[in-house]
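Residues per chain, in single letters:
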Amino acid sequence: MTEAREAFLAGERLEDVALFLAESYVSDDRLADYGETVEGGVLIVVDGERGRNAFNAATGTDAMGFARQAMEHEGIIDDDLAGGTCPDNPDEGDHAVQFVFAFAEAQNEDVGGVYGEGDVIHAYARCTCGTAYSDRWVVQG
């Protein structure tokens, strides 16, 4: 795991976003120059604005619009951001993550809940079946 992804997952890069793009979804070999080659694709950690623009360019989807859509379905996104489990009948049909968009939010005790427990990773994925789903978790120190 690269230093950038480790720092992101530790809640140390709150201004950045992480993108996972499955090789079956995006076949641009140049992406590896900007991120980390992982099993099944490439994972990129980049500053927020550039990351949202890169997400839009790679997927043709507005990042924040996608996040709002994905929040309608809770699923499981792997804590390394490079995969997940679709909540839409995962035992039936072909399900694989096409892409993940993630950002970290600083601990906020005033809000409470998980936000009072520590920094929170918000992750949003799209499955090959078309389902968009979300997951979030408290950064483990």
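The preceding data block contains the structure.
Residues numbered from 1 in each chain as written. Predicted model: local features only at pLDDT ≥ 70, side-chain atom pairs only at ≥ 80, totals over all residues. Heavy atoms only, no water.

**Q** Describe the overall build of the protein chain, with residues and values.
**A** The secondary structure content of the protein chain amounts to 4 helices and 8 strands. Order of helices (α) and strands (β) in the protein chain, N terminus to C terminus: α-β-β-β-α-α-β-β-β-α-β-β. For the protein chain, the C-alpha radius of gyration of 14 Å lies close to 14 Å, the compact-globule estimate for 141 residues. Reported as C-alpha extents along the three principal axes, the dimensions of the protein chain are approximately 40 × 35 × 25 Å. (Helix = DSSP H or I, 4+ residues; strand = E, 2+ residues; numbered from the N terminus. Rg over C-alpha atoms; globule rule 2.2 N^0.38 Å.)

**Q** Give a description of the pattern of salt bridges that names residues and reports values.
**A** In total, this model carries 4 salt bridges according to the counting rule given. Among the salt bridges present, the one from Asp 16 reaches Arg 13, with a minimum N-O distance of 2.4 Å. Two residues, Glu 49 and Arg 52, come together in a salt bridge whose shortest N-O distance is 3.4 Å. One end of the pair, Glu 49, and the other, Arg 52, are both in helix α2 (residues 48-59), 3 residues apart, so they sit about a helical turn from each other. A residue is classified by how much of its surface remains accessible, and Arg 52, at 31% relative accessible area, is partly exposed. (Salt bridge = Lys/Arg side-chain N within 4 Å of Asp/Glu carboxyl O. Buried < 20%, exposed > 50% of the residue type's maximum accessible area, 1.4 Å probe, protein only.)

**Q** Give a detailed account of the sheet that holds strand β6 (residues 97-105), specifying residues and quantitative values.
**A** Overall, antiparallel pairing links the 6 strands, which are arranged β2-β3-β1-β6-β7-β8 in an open sheet. Each end of this open sheet is capped by a strand with a single partner; those strands are β2 (36-38) and β8 (132-138). Direction aside, neighbouring strands of the sheet carry axes that sit 20 degrees apart on average. Two elements, strand β7 (residues 120-127) and β8, share 7 bridges in a ladder whose sense is antiparallel. Looking across to β8, one finds that Arg 126 is bridged to Ala 132. On top of the sheet, α2 reaches β1 (16-22), β3 (41-47) and β6; it is set at about 20 degrees to β1, its chief contact. (Pairing = 2+ DSSP bridges. Axes fitted to C-alpha atoms, helices over the stretch in contact; angles between N-to-C directions. Contact = heavy atoms within 4.5 Å.)

**Q** Can you explain the side chain of Asp 16? Please cite residues and give values.
**A** For Asp 16, the location among the structural elements is in strand β1. Sequence-distant contacts of Asp 16, defined by excluding residues within four places in its chain, comprise Phe 8, Val 45, Val 46, Asp 47, Gly 48 and Phe 103.

**Q** Outline the nonpolar core, listing residues and values.
**A** Taken as a class, soluble globular proteins show a tendency for nonpolar side chains to be buried jointly. Of all hydrophobic cores here, the largest spans 23 residues; its most connected members are Phe 8, Phe 20, Ile 77, Leu 81, Val 100, Ala 123 and Tyr 133. Those elements giving two or more residues to this core turn out to be α1 (3-9), β1, β3, β6, β7 and β8. Excluding residues that lie within four positions of it along the chain, Ala 123 makes contacts with Ile 77, Leu 81, Val 100, Phe 101, Ala 102, Tyr 133, Ser 134, Asp 135 and Trp 137. (Core = buried A, V, L, I, M, F, W, Y, C linked by side-chain atoms within 4.5 Å.)

**Q** How would you summarise the packing of aromatic side chains if you had to cite specific residues and measurements?
**A** On inspection of all chains with the given rule, the structure shows 8 aromatic pairs. Between Tyr 25 and Phe 99, the ring centres sit 5.1 Å apart and the planes meet at 55 degrees, which makes this aromatic pair tilted. Residue Tyr 25 is located in the loop between β1 and β2, and its partner Phe 99 is located in strand β6; the two are separated by 74 residues in the primary sequence. Exposure remark for Phe 99: the relative accessible area of 0% places this residue in the buried category. Ring centres of Phe 55 and Phe 101 lie 5.3 Å apart, and the angle between their planes is 50 degrees; this geometry places the pair in the tilted category. (Phe/Tyr/Trp six-rings, centres within 6.5 Å; stacked < 30°, edge-to-face > 60°.)

**Q** Please set out unusual backbone geometry residue by residue, giving values where relevant.
**A** Positive phi, normally seen in glycine, also occurs at Leu 81, with a value near 70 degrees. Judged by relative accessible area, which is 1%, Leu 81 ranks as buried.

**Q** Can you lay out α2 for me, pointing to particular residues and giving the numbers?
**A** Every α-helix carries 3.6 residues per turn, so stepping three or four residues along brings you back to the same face. With 12 residues, α2 should reach 16 Å at 1.5 Å per residue; the first-to-last C-alpha distance of 16 Å fits that figure. Looking only at α2, the buried set comprises Gly 48, Gly 51, Phe 55 and Thr 59. End-on view of α2: buried residues confined to an arc of 60 degrees, all on one side of the axis. Exposed positions of α2 whose direction lies more than 90 degrees from the buried face are Arg 50 and Ala 57. At its buried positions, α2 is contacted by β1, β3, α3 (63-70) and β6. One or two positions beyond α2, positive phi appears at Gly 60, with a value near 70 degrees. (Expected span 1.5 Å × (residues − 1). Arc of directions from axis to C-beta.)

By themselves, these observations are geometric and do not establish any function.
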